[in-house]
Amino acid sequence: YDDDIPPTYDGLVALPGVGPKMAHLALHHAWDRVEGISVDVHVHRIADRLGWAKGAKLPTDTQRQLEQWLPRQHWKHINHMLVGFGQALCKPKSPECARCEVSHLCPTGRRALRIGHKEAAAKKEAAAAAAAVAASTATAATAAPTIDGAPTTASASSSKLAALDALAHSGDSGGGGDGGGTARRHSARLHGKKAT
């Protein structure tokens, strides 16, 4: 190739380690030629979540489906746009649908937001119950017998911390989607510690 890389899609994919994604990216950026859409894991995942590539098992399936309906003038830019979006918001394990400005257009986002509203209502109920428990525990702590002037039960503030900690951890097994990370962060904040 005269100390250069091949200027064609077929020539590029013939090189060891170069697949369709890199071939299209090279053509887009090195020669300003658009012969197809560069599909990586972010584009593949987001196209699936948005319903743009139904049943696509492989990135090449996603590429074909996107190329069928997406106007050609957008082919060059969709990879760059969706990669950034996939890294910042539409993450593989914990998409941030509540922060996403297109969640109302996304089946996954709409589902997550519906679930989020139900979870918020359930958490509000749980918080009210925890506050009631904390209040009754505080009352019991002040009326509790003492040994040498010190209460024999936990103080009211530690009872509130325990109730809030339990509430924070209640999401660990509730399908929160982040493996309990949010609960750990809230619990750590509650106790003035760094989250692990």
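The structure this text deals with has already been given above.
A brief look at the structure comes next. (Residues numbered from 1 in each chain as written. Predicted model: local features only at pLDDT ≥ 70, side-chain atom pairs only at ≥ 80, totals over all residues. Heavy atoms only, no water.)

## Here we look at the environment of Cys90
Item 1. Looking at the secondary structure, you find Cys90 in the loop between α5 (75-88) and α6 (107-143).
Item 2. The class of Cys90 is buried, set by a relative accessible area of 9%.
Item 3. Spatially, the C-alpha atoms of Cys90 and Arg45 are 8.7 Å apart, while their sequence positions differ by 45 residues.
Item 4. Those residues in contact with Cys90 that sit more than four places away from it in its chain are Arg45, Ile46, Arg49, Phe85 and Pro95. (Helix = DSSP H or I, 4+ residues; strand = E, 2+ residues; numbered from the N terminus. Buried < 20%, exposed > 50% of the residue type's maximum accessible area, 1.4 Å probe, protein only. Contact = heavy atoms within 4.5 Å.)

## Here we look at the nonpolar core
Item 1. Formed by 15 residues in total, the largest nonpolar core has its most connected members in Ile37 and Leu66.
Item 2. Broken down by secondary-structure element, the contributors of at least two residues to this core are α3 (41-49) and α5.
Item 3. Setting aside residues no more than four positions away along its own chain, Leu66 makes contact with Ile37, Val39, Val43, Ala47 and Trp52. (Core = buried A, V, L, I, M, F, W, Y, C linked by side-chain atoms within 4.5 Å.)

## A few points about the packing of aromatic side chains
Item 1. In total, this model carries one aromatic pair according to the counting rule given.
Item 2. Plain terms: the ring middles of Trp52 and Trp69 are 5.4 Å apart, the flat faces sit at 70° to each other, and that makes the pair edge-to-face. Highlighted residues: Trp52 in the loop between α3 and α4 (59-69) and Trp69 in helix α4, separated in sequence by 17 residues.
Item 3. For Trp69, a relative accessible area of 41% corresponds to the partly exposed category. (Phe/Tyr/Trp six-rings, centres within 6.5 Å; stacked < 30°, edge-to-face > 60°.)

## A few points about the pattern of salt bridges
Item 1. Within this structure, the stated rule accounts for five salt bridges.
Item 2. The salt bridge involving Asp32 is made with Lys76; its shortest N-O contact spans 2.5 Å. Taken together, the residues Asp32 in the loop between α2 (20-30) and α3 and Lys76 in helix α5 connect sequence positions 44 residues apart.
Item 3. On the accessibility criterion, Asp32 (56% relative accessible area) is exposed.
Item 4. A salt bridge links Arg99 to Glu96; the nearest nitrogen and oxygen atoms lie 2.3 Å apart.
Item 5. If you follow the salt bridges from partner to partner, you end up with Lys91, Glu96 and Arg99 in one network. (Salt bridge = Lys/Arg side-chain N within 4 Å of Asp/Glu carboxyl O.)

## What to know about empty space enclosed by the protein
Item 1. In the structure shown here, the tally under the stated rule is one cavity of 30 Å³ or more.
Item 2. For the largest cavity, the calculated volume is near 90 Å³.
Item 3. Along its surface, the largest cavity is lined by 15 residues, and Phe85, Cys90, Cys97, Cys100 and Cys106 are the ones closest to its centre.
Item 4. At the level of secondary structure, the elements contributing two or more residues to the lining of the largest cavity comprise α3 and α6.
Item 5. Looking at side-chain class alone, the lining of the largest cavity contains ten nonpolar, three polar and two charged residues. (1 Å grid on protein atoms, 1.4 Å probe; cavity = no way out; pocket = protein on both sides within 12 Å on 5 of 7 lines; lining within 4 Å. Points joined across faces, edges and corners; volume = space filled by probe spheres on them. Nonpolar A, V, L, I, M, F, W, Y, C, P; charged D, E, K, R; others polar.)

Worth remembering: the numbers are spatial, not functional.
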